[in-house]
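Summary of structural features
Now for the letters of each chain:
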Amino acid sequence: MDAKFTRMLCVLCLVITVRAFTQEGFKEALLKQLGLSEVPKLHKRDLVDLVIPDHIKNKYISMLKRQRVKRRALPSLAGILRGIPGNTGEVLYSDTTTRQNLIFDMEGRIPKNSEVTMAELKLFKKPLERANLPARQSHRPVSNARVSVYWVQRQHDGTNRTSLIDSRLVPIRESGWKNFDVTQAVHYWLRNKRQEPMFLEVWIEGERVGSHASEMAKAVRFTSQDPKDKALGKPELVLYTLNLEDYGGPGDCKEEGVMGKSTCCRQKHYINFRELTWTQHWIIEPSGYQAYRCLGGCLQPPNPLRRFGYGDRVCAVAESSPLPMMYLVKRGNRTEIEAAEFPNMIIEKCSCVTDG
């Protein structure tokens, strides 16, 4: 996918958000804009041994942070979750990665008629133990390890799917609390929950490619949820919420009255990329998103105005925001990953406008 492809897709996004979104409509419009007769052939094998470069990962995360909408009031603290008693949260080691599993009981923790505006994962980094450092030193010093947080969705067939949520460099020789923005993970859980806890996975990797960086990263240890881990500072999930009765977005549809509502409003409409067969191997992140759509009717202008050329008023998009995505690119026999921010993918506000 080159710059021309990206520009064409951005134009397509604008067209899609103005109209009602349908899966087939999106697919047909995409193929038409690209002058293709069929979807590019991308398969699960294209993901085998595919590594997300650090600069792509950093670019995607920075776009996610920019995309977050500032609210009109500071959120109130909903609660601090510290894991589920009896669940230890495993720590797994491999040649290149340390993975730490975290489990949080979310059921009943989010107040009714509220929205989670921010969620922070707080991990306590243990003081460095010199014995954990590799004996051999490199001519290129390594100061940091890369720590990434993934949301884990457990499938019915027993497999797991992960979505990258946040990633940052953590100094190897510093200890103390490290915070990660996991708002997107909580939103995913709210969308997909099946009366089960929320699962997160923390990956600790070298700050760059190479065995020395990987060995140095193994010295980074966070306190686990295991009660046997006597270190200070168990992992915490901090939730912040807004009361929608006080701070609900103006013009949003009330769920109980959507079907019979005649006034223009914004309705929730979730797009799941994992369920679309033609996007599940193409779009790496996110796994899906809340696109919204405009719904309802509008008061029409009086007849005298119609005689002066005023058309019908229709419910349409008034404001929209971009969606960051990581996706596969086929260049000959090579498969690569790129990240881009596609405008007009998320409807922020609906309003009545004159048709045409």
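What counts, and at which threshold
Residues numbered from 1 in each chain as written. Predicted model: local features only at pLDDT ≥ 70, side-chain atom pairs only at ≥ 80, totals over all residues. Heavy atoms only, no water. Helix = DSSP H or I, 4+ residues; strand = E, 2+ residues; numbered from the N terminus. Buried < 20%, exposed > 50% of the residue type's maximum accessible area, 1.4 Å probe, protein only. Phe/Tyr/Trp six-rings, centres within 6.5 Å; stacked < 30°, edge-to-face > 60°. Lys NZ or Arg CZ within 6 Å of the ring centre and 35° of its normal. Disulfide = S-S within 2.5 Å. Salt bridge = Lys/Arg side-chain N within 4 Å of Asp/Glu carboxyl O. Pairing = 2+ DSSP bridges. Axes fitted to C-alpha atoms, helices over the stretch in contact; angles between N-to-C directions. Lys, Arg positive; Asp, Glu negative; His and termini not counted. Polar contact = N/O pair within 3.5 Å; in protein donor to acceptor, adjacent residues only side chain to side chain. Contact = heavy atoms within 4.5 Å.

What follows covers unusual backbone geometry. Here the residue pair Glu 285 and Pro 286 is connected by a cis peptide bond, since its omega of 0° sits within 30 degrees of zero. Structurally, Pro 286 can be placed in the loop between strand 12 (283-285) and strand 13 (288-290). Positive phi outside glycine occurs at Tyr 292, with the angle close to 65°. Position of Tyr 292 among the secondary structure elements: in the loop between strand 13 and strand 14 (293-295). According to the relative accessible area criterion, Tyr 292 is buried, its value standing at 18%.

Moving on to helix 4 (residues 183-192). Here helix 4 lies mainly inside the structure; seven of its 10 residues are buried. Of all the positions in helix 4, only Thr 183, Gln 184, Ala 185, Val 186, Tyr 188, Trp 189 and Asn 192 are classed as buried.

Under the definition given, this model contains four aromatic pairs. Relative to Trp 177, the ring of Phe 124 has its centre 5.4 Å away and its plane inclined at 75°; by these criteria the two rings are edge-to-face. A residue pair is termed long-range when its members are at least 10 positions apart, and Phe 124 in strand 4 (residues 114-125) and Trp 177 in strand 7 (residues 176-181) qualify at 53 residues. Judged by its relative accessible area of 18%, Phe 124 falls in the buried class. Centre to centre, the rings of Phe 273 and Tyr 289 are 5.8 Å apart; their planes meet at 35°, and the pair counts as tilted. You can see Phe 273 sitting in the loop between strand 11 (270-272) and strand 12 and its partner Tyr 289 sitting in strand 13, a full 16 residues away along the chain. Look at Phe 273 and you get buried, because its relative accessible area is 2%. What makes Tyr 289 buried here is its relative accessible area of 6%. The lysine or arginine in question, Arg 154, covers the ring of Phe 199, its NZ or CZ lying 3.8 Å from the ring centre.

This part is about the state of the cysteines. Applying the stated criterion to the full structure yields four disulfides. The side chain of Cys 294 participates in a disulfide bridge whose partner is Cys 350; the two sulfur atoms lie 2.1 Å from each other. Here Cys 294 and Cys 350 share a disulfide; its torsion about the S-S bond, -85°, makes the bridge left-handed. Of this pair, Cys 294 sits in strand 14 while Cys 350 is found in strand 16 (residues 334-354), placing the two residues 56 residues apart along the sequence.

Let's shift gears to the pattern of salt bridges. Evaluation of the coordinates by the stated rule reveals seven salt bridges. With its nearest N and O atoms 3.7 Å apart, the salt bridge here joins Glu 205 to Lys 57. Of this pair, Glu 205 sits in strand 8 (residues 198-206) while Lys 57 sits in helix 3 (residues 54-67), placing them 148 residues apart in sequence. With a relative accessible area of 4%, Lys 57 lands in the buried category. Close ionic contact of Arg 266 with Glu 348 constitutes a salt bridge, the shortest N to O distance being 3.8 Å. Of this pair, Arg 266 sits in strand 10 (residues 265-267) while Glu 348 sits in strand 16; the two residues are 82 residues apart in sequence, bridging distant segments of the chain. Relative accessible area serves as the criterion here: at 28%, Glu 348 is assigned to the partly exposed category.

A word on the sheet that holds strand 3 (residues 98-104). Hydrogen bonds between backbone groups are what pair the strands of a sheet, and the pairing can be parallel or antiparallel. Read from one edge of the open sheet, five strands run 2-3-8-5-6, paired in antiparallel fashion. Two strands close off the open sheet at either side, each with one partner strand: strand 2 (91-93) and strand 6 (160-171). Each strand axis lies, on average, 20° off the axis of its neighbour in the sheet, ignoring direction. Looking at chain direction, strand 5 (residues 144-154) and strand 6 are connected through 11 bridges and run antiparallel. Each bridged residue has a counterpart across the sheet, and for Arg 154 the counterpart in strand 6 is Asn 160.

For the rest of this paragraph, the subject is the side chain of Glu 285. Secondary-structure assignment places Glu 285 in strand 12. The side chain of Glu 285 is buried and forms no salt bridge, while Arg 274, the nearest opposite charge, is found at 4.4 Å. Polar side-chain contacts of Glu 285 include one of 2.8 Å to the backbone nitrogen of Leu 164. Apart from residues no more than four positions distant in its own chain, Glu 285 is found in contact with Tyr 60, Thr 162, Ser 163, Leu 164, Arg 274, Pro 324, Met 325 and Met 326.

Pairing in this open sheet of three strands is antiparallel, and the strands run 12-15-16 from one edge to the other. Looking at which strands have only one partner, the edges of the open sheet turn out to be strand 12 and strand 16. Shown here is a sheet whose adjacent strand axes are inclined to one another by a mean of 40°, direction ignored. Pairing between strand 15 (residues 313-331) and strand 16: 17 bridges, direction antiparallel. Looking at strand 16, one finds that Val 314 is bridged to Val 353.

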